[in-house]
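Letter by letter, the chains look like this.
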Amino acid sequence: MDNEEQQLDELSQKILDFETKHWKYAGAKEAAITEQLGLQPTHYYQLLNRLIESDQALSHNPMLIKQLRGKRSTKRRL
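Cut-offs used in this document
- Residues numbered from 1 in each chain as written.
- Predicted model: local features only at pLDDT ≥ 70, side-chain atom pairs only at ≥ 80, totals over all residues.
- Heavy atoms only, no water.
- Phe/Tyr/Trp six-rings, centres within 6.5 Å; stacked < 30°, edge-to-face > 60°.
- Helix = DSSP H or I, 4+ residues; strand = E, 2+ residues; numbered from the N terminus.
- Buried < 20%, exposed > 50% of the residue type's maximum accessible area, 1.4 Å probe, protein only.

1. So, the packing of aromatic side chains
Applying the stated criterion across every chain yields a total of three aromatic pairs. Their ring planes at 75° and their centres at 5.6 Å tell us that F18 and Y44 sit as a pair that is edge-to-face. Of this pair, F18 sits in helix 2 (residues 10–19) while Y44 sits in helix 4 (residues 41–53); the two residues are 26 residues apart in sequence, bridging distant segments of the chain. A relative accessible area of 3% means that F18 is categorised as buried. With relative accessibility at 0%, the residue Y44 sits in the buried group.

As far as function goes, none of this settles anything; it's purely spatial.
Structure follows, in structure tokens:
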């Protein structure tokens, strides 16, 4: 794969960067998703779940993607 194929689009990069933030209050993240990214939270999480599976996202931020995959795995087992 060449460099161009491995790069994420701008929205995908923003979503991954957004996921690195921490939220103190319940609902604060969902409000910020709408305000900062202009997405409904449901759509945001659908896009995030697709990103977690992509090799491009893994190349962009390996630690974050591995962490998110681990969290998702844990939630699925519960």
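Once the structure has been displayed, the description carries forward.
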